Amino acid sequence: MLPLLMIFSGLSFHLVHAQTGNPQTTNPENISEQIQKLTESMTRTQAQLEQSQRQLDEMRQQLLALQRQMAQTGPQTGSQAGSTATTSAIPNATPASAPETIPPATAAAIDDLREQLAMQQAQIATHEQTKVESESKYPVKITGLLLLNGFANSGQVDMAATPTVSIPGSGSTGASVRQTILGIDLRGPHLFGARSYADLSVDFDGTSQSATSPAVYSGNYSTNASFLRLRTVHAGLQWRKTTAYFSLDRPIFSPNTPTSLTAVAMPALAWSGNLWTWNPQGGVTQDLKFVGSSNLRLQAALIDVGDGYLLPLTSSTNATAAPPSSSEQSRKPGTEARIAVIGSKADEGNHLGFGGYFAPHLSPVGRHFDSWAGTVDTRWLLPANFEFTGSFYRGQALGGLGGGAFKDVVYRVNMDAGGYYFHPLDDVGGWAQLKEKVNERVEFNAALGLDNVTARELRRYAVPGGTVYQNLARNRTYTGNVIYSPSAYLLFSLEYRHLESSPVNGLSSGSNIIGLGAGYKF
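Since we're looking at a predicted model, the values are computed, not measured. Within each chain, residue numbers correspond to sequence positions counted from 1 in written order. Local features in this predicted model are restricted to residues whose pLDDT is 70 or higher, and side-chain atom pairs enter the listing and the counts only when it is 80 or higher, whereas totals over whole chains, interfaces and linings include all residues. Side-chain numbers come from the whole structure's heavy atoms, not from hydrogens or water.

Observations concerning the nonpolar core
Trp271, Trp276, Phe406, Val453 and Leu458 are the most contacted members of the largest nonpolar core, which has 19 residues in total. Residue contacts are counted whenever heavy atoms from the two residues lie within 4.5 Å of one another. Excluding its chain neighbours within four sequence positions, the residues that come into contact with Val453 are Gly404, Ala405, Leu425, Asp426, Asp427, Leu458, Leu472 and Ala473. Residues enter a nonpolar core if they are buried and are Ala, Val, Leu, Ile, Met, Phe, Trp, Tyr or Cys, with the set joined through side-chain atoms within 4.5 Å. For every residue, the accessible area obtained with a 1.4 Å probe (protein chains only) is divided by the maximum for its type, and the residue is called buried under 20%, exposed over 50%, and partly exposed between those limits. One finds Ile303, Val305, Tyr357 and Ala373 within the second-largest nonpolar core, a separate group that totals 10 residues.

Okay, here's the thing in structure tokens:
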């Protein structure tokens, strides 16, 4: 009623002003202007009254729907009786006791609202807890995922709990908690008109240290990494449309990752089309207004890329220190860029992006080669709660980014003249995922990924009796899972994965993998 009183008060003021104004200054022109103003005011008032009436009608319909729901769920409580009494004051309101069937669509919508309310109540409860205090007195939040994984592999794989390659041999069954994640989120002061932030995450999927030799960390592929493993780091300044940052994370041209609760330490579809490796980067992101409610996102960064799992040729004689990577030996940083059209929901909505990457390398034996890639990434929100996500690439020497069948280059000894024959590998691959989010508690995911180096390039350098990584030409994974979240912080998952690895010479090997996941988020 208050908005209506304000409207009528405004009209009264205009009418009184028109009637009591100074007669000496009144003329036909002034009277015409006043009449025009009054007409415009009446038009605006009429529109506001119509809008208020529509809002009242919508409120009446919502209240009637709630009454019908309460009438079906059982006898009225005291609060329900009060609601009925309130409704009786609304003209033309239908009594709550009137039997009427709720359409299935309405019942489903009510169930979704209840689930969302339960999730929100659980999230609100966390804000009432005592917060972690830092020396700087700025907000600090401890986050993480306590994760138990069970696995059953029908064939031999490279790593039983987090398999990426299938190997001829018998299978395995077991459980692991080493994919548990611990994180710290920090919010700092405002600087140059920007909000400062930082975060860090670790897991426990490193390799135990040897009792007889010191630990040596040389990137994602080190066999001497500590049990506690650094995953990702972010820090930066964020303005309204601009972000300047440095990070240890996946490349900016590969922003998406498939959904899985059993492939966390090694992301889902790793080495099967997902360029995932965490490398040091520093860059800038700029959002510009585009068509309609969409934005144009421009990203550029420098990146220090590690070497593939098969370090091409090492001449270091110091066994207690990690040698520089072939990218670092070139003394030139790698560069990456991405341009994307993003929807109104920013990172959670539709987007289509195109990326590029280039990094010079210098092997320990003095051979130069370049690593490069062109990429496409996308996400589309589809009808019926479906979502399509994908990422695709074509490039060369991508072992340091999680492609290239674990290799940047291949080589062999020149028996006649000495030295080595040396060749960077061309590579093509990608992945795609279809998600159905049934409601706030249940979602289904189906995905496939492929990484494929050029067989004719690799065949000339095949190593008879070599490891699976040396002769691997193609790695392919099919996967599907269901994730159930009975509350905001409990997660359960059942996943099936088929892993197929093909050497350049010989038969392919495959493994069917059943994974179980149970997690607690905090």
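As for the pairing of strand β19 (residues 509–521)
Sheet topology note: the strand β1 (residues 140–157)/β19 ladder contains 9 bridges and is antiparallel. When the sheet's bridge partners are listed, Leu146 is paired in β19 with Tyr520. Between any two strands, at least two bridges found by DSSP are needed for them to pair. For helices the rule is a DSSP run of H or I covering at least 4 residues; for strands it is a run of E covering at least 2, with both sets numbered from the N terminus onward. Across 12 bridges, the pairing between strand β18 (residues 490–503) and β19 is antiparallel. Following the sheet pairing, Tyr496 is matched in β19 by Ile514. Hairpin connection, β18 to β19: the antiparallel pair is bridged by 5 residues, and Gly506 has positive phi, about 105°.

Thoughts on the side chain of Ser254
With respect to the helices and strands, the residue Ser254 is situated in the loop between β6 (242–249) and β7 (279–289). The class for Ser254 is buried, based on a relative accessible area of 2%. Any pair of nitrogen or oxygen atoms within 3.5 Å is treated as a polar contact; in protein, a donor-acceptor pairing is required on top of that, and neighbouring residues in sequence qualify only through side-chain atoms on both sides. At 3.0 Å, the side chain of Ser254 and the backbone oxygen of Leu275 are in polar contact. With near-sequence residues (within four places) excluded, Ser254 lies in contact with Asn274, Leu275 and Ser391.

Some details on a nonpolar patch on the surface
Surface patches are drawn from residues lacking salt bridges whose relative accessible area is over 30%; two like charges belong together within 9 Å, two nonpolar side chains (Val, Leu, Ile, Met, Phe, Trp, Tyr) within 5 Å. For the accessible areas, the method is Shrake-Rupley and the probe is 1.4 Å, while residue cover comes only from the protein chains on display. Salt bridges are defined by distance alone: a side-chain nitrogen of Lys or Arg within 4 Å of a carboxyl oxygen of Asp or Glu. Together, Ile142, Leu146, Leu182, Ile184, Leu186, Leu200, Leu230, Tyr484, Leu490, Phe492, Tyr520 and Phe522 make up a nonpolar patch on the protein surface, roughly 960 Å² of accessible area in all. Looking at the nonpolar patch, the elements with two or more residues in it are β1, β3 (181–191) and β18. It is β3 that provides the largest number of residues to the nonpolar patch, a total of 3 residues. Tracing the sequence through the fold places Ile184 in strand β3. The class for Ile184 is partly exposed, based on a relative accessible area of 32%.

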